[in-house]
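# Topology and contacts: notes
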Amino acid sequence: GNRGVFLERGRRREELGDTAGAVSDYTAVLEQEPGNCWALSWRGATRGLLAKGAAELAAAFADADAAVRLEPGVATWLCNRGSMRLRCQLDLALV
């Protein structure tokens with residue numbers, strides 16, 4: 001499949017501010033390989049940025065949690081999930 005192409009394009013889109021396009025690319029990877037931790041972690045982090053409510057935020061954390069559950073010792077997955085939690089706490093503190 002084109003998993004590597006979609007992952008790379010997703011990262012580039014994210015860097016250019018096209019977060020919806022990035023989520024679409026990460027989702028395409030997960031359709032081909034549901035356990036791809038890179039796609040899960042990056043989609044979770046990107047979805048967290050886009051979240052406009054509790055349900056969307058829960059979906060973002062579900063992705064991040066899945067990456068950690070599949071590969072529990074990988075620091076990248078833990079850092080991404082931790083960064084999401086910190087962002088959420090900061091957002092709540094600013095309300």
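That block above? That's the structure.
This section reports on the structure supplied with the text. (Residues numbered from 1 in each chain as written. Predicted model: local features only at pLDDT ≥ 70, side-chain atom pairs only at ≥ 80, totals over all residues. Heavy atoms only, no water.)

Moving on, we come to the side chain of Thr46. Structurally, the position occupied by Thr46 is in helix H3 (residues 37-50). Sequence-distant contacts of Thr46, defined by excluding residues within four places in its chain, comprise Glu14, Thr19, Ala22, Val23 and Tyr26. (Helix = DSSP H or I, 4+ residues; strand = E, 2+ residues; numbered from the N terminus. Contact = heavy atoms within 4.5 Å.)

One finds Leu7, Tyr26, Val29, Ala39, Leu40, Ala67 and Trp77 to be the most contacted residues of the largest nonpolar core, which totals 15 residues. Taken together, the elements giving at least two residues each to this core come down to helix H1 (3-15), helix H2 (19-32), H3 and helix H4 (54-70). Tallying contributions element by element places H2 first for this core, with 5 residues. Apart from residues no more than four positions distant in its own chain, Trp77 is found in contact with Cys37, Trp38, Ser41, Ala67, Val68 and Glu71. Ranked by size, the runner-up nonpolar core spans 6 residues in total, among them Ala45, Ala60, Ala64 and Met84. (Core = buried A, V, L, I, M, F, W, Y, C linked by side-chain atoms within 4.5 Å. Buried < 20%, exposed > 50% of the residue type's maximum accessible area, 1.4 Å probe, protein only.)

This brings us to the pattern of salt bridges. Close approach of charged atoms allows side chains of opposite charge to pair. All chains considered together, the criterion is met by 10 salt bridges. One salt bridge in this structure joins Glu33 and Arg3, with 2.6 Å as the shortest N-O distance. One end of the pair, Glu33, is in the loop between H2 and H3; the other, Arg3, is in helix H1, with 30 residues separating them in the sequence. Look at Arg3 and you get partly exposed, because its relative accessible area is 33%. (Salt bridge = Lys/Arg side-chain N within 4 Å of Asp/Glu carboxyl O.)

Relative to the assigned elements, Asp25 resides in helix H2. Asp25 sits in the buried class, given a relative accessible area of 1%. The residues contacting Asp25, other than those within four sequence positions of it, are Phe6, Arg9, Gly10 and Arg13.

Once that is clear, we can look at the packing of aromatic side chains. Applying the stated criterion across every chain, the model contains 3 aromatic pairs. Plain terms: the ring middles of Tyr26 and Trp42 are 5.9 Å apart, the flat faces sit at 45° to each other, and that makes the pair tilted. Of this pair, Tyr26 sits in helix H2 while Trp42 is found in helix H3, placing the two residues 16 residues apart along the sequence. Judged by its relative accessible area of 0%, Tyr26 falls in the buried class. We classify Trp42 as buried; its relative accessible area is 15%. Joined through ring pairs, the aromatic side chains of Tyr26, Trp38, Trp42 and Trp77 make up one cluster. The lysine or arginine in question, Arg11, covers the ring of Trp42, its NZ or CZ lying 4.1 Å from the ring centre. (Phe/Tyr/Trp six-rings, centres within 6.5 Å; stacked < 30°, edge-to-face > 60°. Lys NZ or Arg CZ within 6 Å of the ring centre and 35° of its normal.)

On their own, these measurements won't tell you what the molecule is for.
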